[in-house]
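Residue-level listing of the chains:
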Amino acid sequence: MTISTGRRLPRRAASALAERWTNIDGVDVFYRESPACPDAPVMMHVHGFGLSGRYLLPTAERLRDEFHTLVPDLPGFGRSGRSTGPLDVPDLAHAAARFLDDRNVTSATLVGNSMGCPIICEFAYRYPERLDRAVLVSPAGGAYNQPLLRAVRQLARDGTREPVGMLRVAAPDYLRFGVPSTFRMFQALTRYPSLERLLALRIPTLVVIGDRDPLMPSPARVREVAGRTDNHVLVVIMEGAAHAINFSNPGELAHVIRQFMADEPIVDDPDEPGRSRSYEIHRGTFHPPHNPAGGRQTPSGP
């Protein structure tokens, strides 16, 4: 048994991406998709805790002409229907894989924010052959965000650092998700081995962290943890950004993602001078070296 959504489309499109419905394992799933050439690489954007894919659209829209872009509301979130039982991180990773099956996609690059990052790590663990690259923006859900009261305080501080428009997008999603679902999903996150899965990734992985994000440890702590073992992780700090980077700093984030996908040095976006600054703080032992065509070497810090 599933909850019917009525498959109503929004009155006004939220972006230049097409808005569509599909049905996966009996659940109505709402998603956005870009027009793309048949051979364009697939890039799917995975939303965070309690939210829909709508707040990911500013970044996804900027990449739509280079990638076959998909932005679903996972089951239980946003406009999509709910399954009969509560979902945990592995369930949501499986739902992401089934959505790609529905779109006839064999492999893709996944771009996640917050809780979307553990979902991507689990996707990599269960379906390694289906993940080309991973982009983890503001990965959350680990020990630094526990217990729940601490996470609530962190979210409250972050709310004062995000653009006003983020509240207008997030509030309806949180209300739709509901308090019981919030407690269940948080408990599922506390049981998930996020750090272990992240450091075990065997594909090129970009981690982007805002230096004003209260849900993340300090950049120095992040660099220390990332350097504990040989890995494929590239860590980039974005100065001036808080938690919802995909919404607040879409131009700079899209610029960094393009450089990562091309194995080019991470350099600041010349089209957004003064807005934010991005730079590497860790390049994993096994991360691909800079593409010789990409130009000069990148400094490892500010």
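The structure displayed is predicted, hence computed values, not measured ones. Every chain's residues receive numbers from 1 upward, in the order its sequence appears when written. At least 70 in pLDDT is required for a residue's local features to be given in this predicted model, at least 80 for side-chain atom pairs to be given and counted, and no such filter applies to totals for whole chains, interfaces and linings, which use all residues. Water and hydrogen atoms were dropped before computing side-chain values, which therefore reflect all heavy atoms in the structure.

### Quick notes on helix α3 (residues 116-126)
Exposure classes here rest on a 1.4 Å probe applied to the protein chains alone. A residue is buried below 20% of its type maximum, exposed above 50%, and partly exposed in between. Helix numbering and strand numbering both begin at the N terminus, where a helix is a DSSP run of H or I of at least 4 residues and a strand a DSSP run of E of at least 2. Counting buried positions over the eleven residues of α3 gives nine, a clear majority of the element. The complete set of buried residues in α3 reads G116, C117, P118, I119, I120, C121, E122, F123 and A124. Contact definition: two residues touch when any of their heavy atoms are within 4.5 Å. Against the buried residues of α3 lie β3 (42-46), α2 (89-102), β5 (108-113), β6 (131-137), α6 (179-190) and α7 (194-199).

### Comments concerning the pattern of salt bridges
Side chains that carry opposite charge are capable of pairing whenever their charged atoms lie near each other. By definition, a salt bridge exists where a carboxyl oxygen of Asp or Glu is found within 4 Å of a side-chain nitrogen of Lys or Arg. Under the criterion given, the structure shown has 15 salt bridges. Residue R176 pairs with D173 through a salt bridge whose shortest N-O separation is 3.4 Å. In this pair, R176 and D173 both sit in helix α5 (residues 164-177), three residues apart, roughly one turn of the helix. Taking relative accessible area as the criterion, R176 reaches 41% and is therefore assigned partly exposed. By relative accessible area, D173 is classed as buried at 6%. A salt bridge links E280 to R283; the nearest nitrogen and oxygen atoms lie 2.7 Å apart. Looking at E280, the relative accessible area reads 4%, which means it is buried. Residue R283 is classed as partly exposed on the basis of its relative accessible area, which comes to 27%.

### Considerations on the packing of α2 against α3
One can describe the packing of α2 onto α3 by two numbers: an axis separation of 8 Å at closest approach and a directional angle of 70 degrees. The angle between α2 and α3 falls in the class roughly perpendicular. On α3, the residues that touch V89, P90, L92, A93, A96, A97 and L100 of α2 are P118, I119, E122, F123 and R126. Three classes are used: nonpolar for Ala, Val, Leu, Ile, Met, Phe, Trp, Tyr, Cys and Pro, charged for Asp, Glu, Lys and Arg, and polar for all others, with Gly counted as polar. Residues belonging to the contact of α2 with α3 are distributed by class as follows: ten nonpolar, no polar and two charged. Comment: axis = line fitted to C-alpha atoms, over the contacting stretch for helices; angle = value between 0 and 180 degrees taken between N-to-C directions. What sets the label is the angle itself: under 35 degrees gives roughly parallel, over 145 gives roughly antiparallel, 65 to 115 gives roughly perpendicular, and the rest give oblique.

### Description of the nonpolar core
We define a nonpolar core as any set of buried Ala, Val, Leu, Ile, Met, Phe, Trp, Tyr and Cys residues linked to one another through side-chain atoms lying within 4.5 Å. Membership of the largest hydrophobic core comes to 52 residues, with the highest contact counts inside it found for F123, L136 and M185. The greatest single-element share of this core, amounting to seven residues, is contributed by α2. If near-sequence neighbours (up to four positions away) are discounted, M185 is found in contact with F49, F77, L87, D88, V89, L92, M115 and F177.

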